[in-house]
Amino acid sequence: MTKAMMQKWQRDWFVKELDRDYNPLIQAAELKIKSLEAEAVEVAEKNLADEIGATPIIEELQEAIENVKTKMSKAARFFRTSKVAKKKDVNYKFQEKEFSIRGYGSTQILPDDCWEQIREWAGDLARKQIEKTAEGKALKILEDNKRVSLKDIMEAGSPDSLRNKLESNLKKDGLNWIKDQKALPPAEKTTVN
């Protein structure tokens, strides 16, 4: 006698049902972590910048940029108001009132670029810290338990043995694989006039 093997469509159905049970729990846990992460990144960003000595470097860069803008403005004023400029046309660049060193080059480093790098590093540190919190551990457990159940689905030989295994797995997370069918409440009699 041969054992009944599961078909691909059966495995797909089991995976879809597993997703329907676990995904809302995982998404809720991820939302909790995102709010914690936002706060942790903000704190870690300032601490990291101070710890590695980036704050004075970034402030110095900002001052240098402001200095360059001032010098560009001074040059533009000079060329707009010179004796030659009154007789000839002046390049459009000298007509500008606001100046920026931001161009199309990718080799420029601005304070925003520095803060973005620190934010990225701080985010990595914050995520590692959050993994150690109760919320982080809960998310990890949910993801691991879902992974175990997916593995069981892929290794299962028949749907009958799989149902019991999934019921056992899901109970650990407060879920049920075998669900009771609910009856609709009795309809009230209505009269039409």
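Everything below is about the structure shown above.
This is a predicted model, so every value here is computed, not measured.

Q: What's the story with the packing of helix 2 (residues 54-81) against helix 4 (residues 111-131) in this structure? I'm lost.
A: Pairs of packed helices are described in terms of their axes, by the angle between the two and the distance that separates them. At their nearest, the axes of helix 2 and helix 4 sit 9 Å apart, and the two run at 160° to each other. Classed by the angle they form, the pair helix 2 and helix 4 counts as roughly antiparallel. Across from A54, T55, I58, L61, Q62 and I65 in helix 2, the residues of helix 4 making contact are P111, C114, W115 and I118. Looking at the contact of helix 2 with helix 4 residue by residue, the classes come out as eight nonpolar, two polar and no charged.

Q: Is there a simple way to think about the pattern of salt bridges in this case?
A: A side chain with one charge may pair with a side chain of the opposite charge, provided their charged atoms come close. This structure, assessed with the given rule, holds 13 salt bridges. The salt bridge partner of K69 is E66, with a shortest N-O separation of 3.9 Å. One end of the pair is K69 and the other is E66, both in helix 2 and three residues apart, which spans about a single turn. For E66, a relative accessible area of 37% translates into the label partly exposed. Where K171 meets E167, a salt bridge forms, and the shortest distance between an N and an O atom there is 3.9 Å. Remark: E167 and K171 occur in helix 6 (residues 159-171); sequence separation between them is four residues, near one turn of the helix. Since its relative accessible area comes to 54%, K171 is described here as exposed. E167 gets classed as buried once you look at its relative accessible area, which sits at 12%. Bridged by salt links that share partners, the residues E37, D124 and R127 form one connected network.

Q: When you look at the nonpolar core in this model, what are you seeing that I'm missing?
A: For soluble globular proteins, the rule of thumb is that nonpolar side chains tend to be buried together. Core analysis: the largest hydrophobic core is formed by 18 residues, its most contacted members being F14, Y22, I153 and L162. Considering every element that reaches this core, the biggest residue donor is helix 1 (residues 8-52), with seven residues. Leave out the neighbours within four places in its chain, and L162 touches M6, F14, D152, I153 and A156. By size, the runner-up hydrophobic cluster in this structure holds eight residues, among which are A44, A49, A54 and I118.

Q: Which parts of the structure should I look at to understand the packing of aromatic side chains?
A: In this description, a pair of aromatic rings is defined by centroid distance and the angle of the planes. Considering all chains together, one arrives at three aromatic pairs under this definition. Between the aromatic rings of W13 and W177, the centroid separation amounts to 6.1 Å while the plane-to-plane angle is 85°, which identifies the pairing as edge-to-face. Within this pair, whereas W13 is found in helix 1, its partner W177 is found in the segment after helix 6, the two being separated by 164 residues in sequence. Given the relative accessible area of 44%, W13 is considered partly exposed. In this structure W177 comes out as buried when scored by relative accessible area, which is 9%. Note on F14 and W177: the rings are 5.6 Å apart at their centroids and 15° apart in plane angle, and the pair reads as stacked. Of this pair, F14 sits in helix 1 while W177 sits in the segment after helix 6, placing them 163 residues apart in sequence. Both residues of the pair, F14 and W177, belong to the buried class.

Conventions we followed
Residues numbered from 1 in each chain as written. Predicted model: local features only at pLDDT ≥ 70, side-chain atom pairs only at ≥ 80, totals over all residues. Heavy atoms only, no water. Axes fitted to C-alpha atoms, helices over the stretch in contact; angles between N-to-C directions. Helix = DSSP H or I, 4+ residues; strand = E, 2+ residues; numbered from the N terminus. Parallel < 35°, antiparallel > 145°, perpendicular 65-115°, else oblique. Contact = heavy atoms within 4.5 Å. Nonpolar A, V, L, I, M, F, W, Y, C, P; charged D, E, K, R; others polar. Salt bridge = Lys/Arg side-chain N within 4 Å of Asp/Glu carboxyl O. Buried < 20%, exposed > 50% of the residue type's maximum accessible area, 1.4 Å probe, protein only. Core = buried A, V, L, I, M, F, W, Y, C linked by side-chain atoms within 4.5 Å. Phe/Tyr/Trp six-rings, centres within 6.5 Å; stacked < 30°, edge-to-face > 60°.

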